[in-house]
Amino acid sequence: MSDPVVLISEEEIQTRVGELAEQISQDYADAGEIVLVGVLKGSFIFLADLARRLAIPRTIEFIAVSSYGTGSRSSGAVRLVMDVRGNIENKHVLIVEDIVDTGHTLKYLMGLMESHRPASVRACALVRKAERAEVDVEVKYLGFDIGEQWVVGYGLDYAEQNRTLPYIGVVSPDD
């Protein structure tokens, strides 16, 4: 695989994370504490930066899912690997995702969180491939819309590589 080509710079990411944190803080200003639910592994860097910039009370939970498929294509089937550990009933929940591709995983997660009877559930995603959407799912807080290219960095990976890059870059997995 060749070195990633920068798609979204570190500076652009940090600016957008700040804007998202400001909007979320305004929207939840009267909500009391919110629960940020980070989707592992990809959201961990985005979640950390976002959480530090929020001006409202928050706690953090994690969830892990696996989607079935071959290579770089998902079948749409999602399996729960780890659910949230804390009680989120009657709390405001914000799912923090690294990437929304077909939408199947996020739709599954929204339904799963709803089953815990929270006060509300919304989604925040770093990037979305809107052209690949197969299901309708709302991303209330969105960092960037991107094309169909394979991206790495800032939590996103290809075969567990390049996850810790400070920017989002494009790679060609077939190299």
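Residues numbered from 1 in each chain as written. Predicted model: local features only at pLDDT ≥ 70, side-chain atom pairs only at ≥ 80, totals over all residues. Heavy atoms only, no water.

Enquirer: What is the right way to read the overall build of the protein chain from this model?
Expert: Scanning the protein chain from N- to C-terminus turns up 3 helices and 9 strands. Start at the N end of the protein chain and walk to the C end: the helices and strands fall as β-α-β-α-β-β-β-α-β-β-β-β. Classification of the 175 residues of the protein chain by burial places 42% in the buried group. Long-range contacts, defined here as pairs at least 24 residues apart, represent 64% of the contacts in the protein chain between residues at least 6 apart. (Helix = DSSP H or I, 4+ residues; strand = E, 2+ residues; numbered from the N terminus. Buried < 20%, exposed > 50% of the residue type's maximum accessible area, 1.4 Å probe, protein only. Contact = heavy atoms within 4.5 Å.)

Enquirer: How should the packing of aromatic side chains be read in this particular structure?
Expert: Here the distance between the centres and the angle between the planes together describe a pair of aromatic rings. Under the counting rule described, the total for this entry stands at 2 aromatic pairs. Ring centres 6.5 Å apart and planes at 55° place the aromatic pair Phe-46 and Tyr-154 in the tilted group. Here Phe-46 is found in helix 2 (residues 44-53), whereas its partner Tyr-154 is found in the loop between strand 8 (150-152) and strand 9 (168-171), with 108 residues between them in sequence. By relative accessible area, which is 0% here, Phe-46 ends up buried. (Phe/Tyr/Trp six-rings, centres within 6.5 Å; stacked < 30°, edge-to-face > 60°.)

Enquirer: What is the right way to look at the nonpolar core in this model?
Expert: If you look at soluble globular proteins, the nonpolar side chains tend to sit buried side by side. Counting 28 residues, the largest nonpolar core has Ile-24, Phe-46, Leu-50 and Ile-168 as the members making the most contacts within it. Of all the secondary-structure elements, those providing two or more residues to this core are helix 1 (10-27), strand 2 (34-40), helix 2, strand 5 (92-100), strand 6 (120-128) and strand 7 (141-145). Discounting chain neighbours no more than four positions away, the residues touching Ile-168 are Val-5, Val-6, Leu-7, Ile-8, Ile-13, Leu-126, Val-127, Val-151, Val-152, Gly-153, Tyr-154 and Leu-156. In terms of nonpolar packing, the next biggest core, distinct from the first, is built from 22 residues, Val-65, Val-93, Ala-125 and Val-139 among them. (Core = buried A, V, L, I, M, F, W, Y, C linked by side-chain atoms within 4.5 Å.)

Enquirer: Looking at this structure, how should I read helix 3 (residues 104-114)?
Expert: An α-helical turn contains 3.6 residues, so any two residues separated by three or four positions project in the same direction. Taken together, the buried positions of helix 3 are occupied by Leu-106, Leu-109, Met-110, Leu-112 and Met-113. For helix 3, the buried positions fall inside an angular range of 165° around the axis, keeping them on one side. (Arc of directions from axis to C-beta.)

Enquirer: Would you mind going over the pattern of salt bridges with me for this structure?
Expert: Oppositely charged side chains can pair when the atoms bearing their charge come close. Throughout the structure, instances matching the rule amount to 8 salt bridges. One salt bridge connects Asp-49 with Arg-52, and the closest N-O pair in it is separated by 2.4 Å. Of this pair, Asp-49 and Arg-52 both sit in helix 2, 3 residues apart, which is roughly one turn of that helix. Residue classification places Asp-49 among the buried positions, given a relative accessible area of 12%. When the shortest N-O distance is used, the salt bridge between Arg-117 and Glu-89 registers 3.5 Å. Here the residue Arg-117 occupies a position in the loop between helix 3 and strand 6, and Glu-89 occupies one in the loop between strand 4 (73-82) and strand 5, the gap between them amounting to 28 residues. Judged by its relative accessible area of 53%, Arg-117 falls in the exposed class. For Glu-89, a relative accessible area of 32% corresponds to the partly exposed category. It is possible to trace a salt-bridge network through shared partners that takes in Lys-41, Asp-157, Glu-160 and Arg-163. (Salt bridge = Lys/Arg side-chain N within 4 Å of Asp/Glu carboxyl O.)

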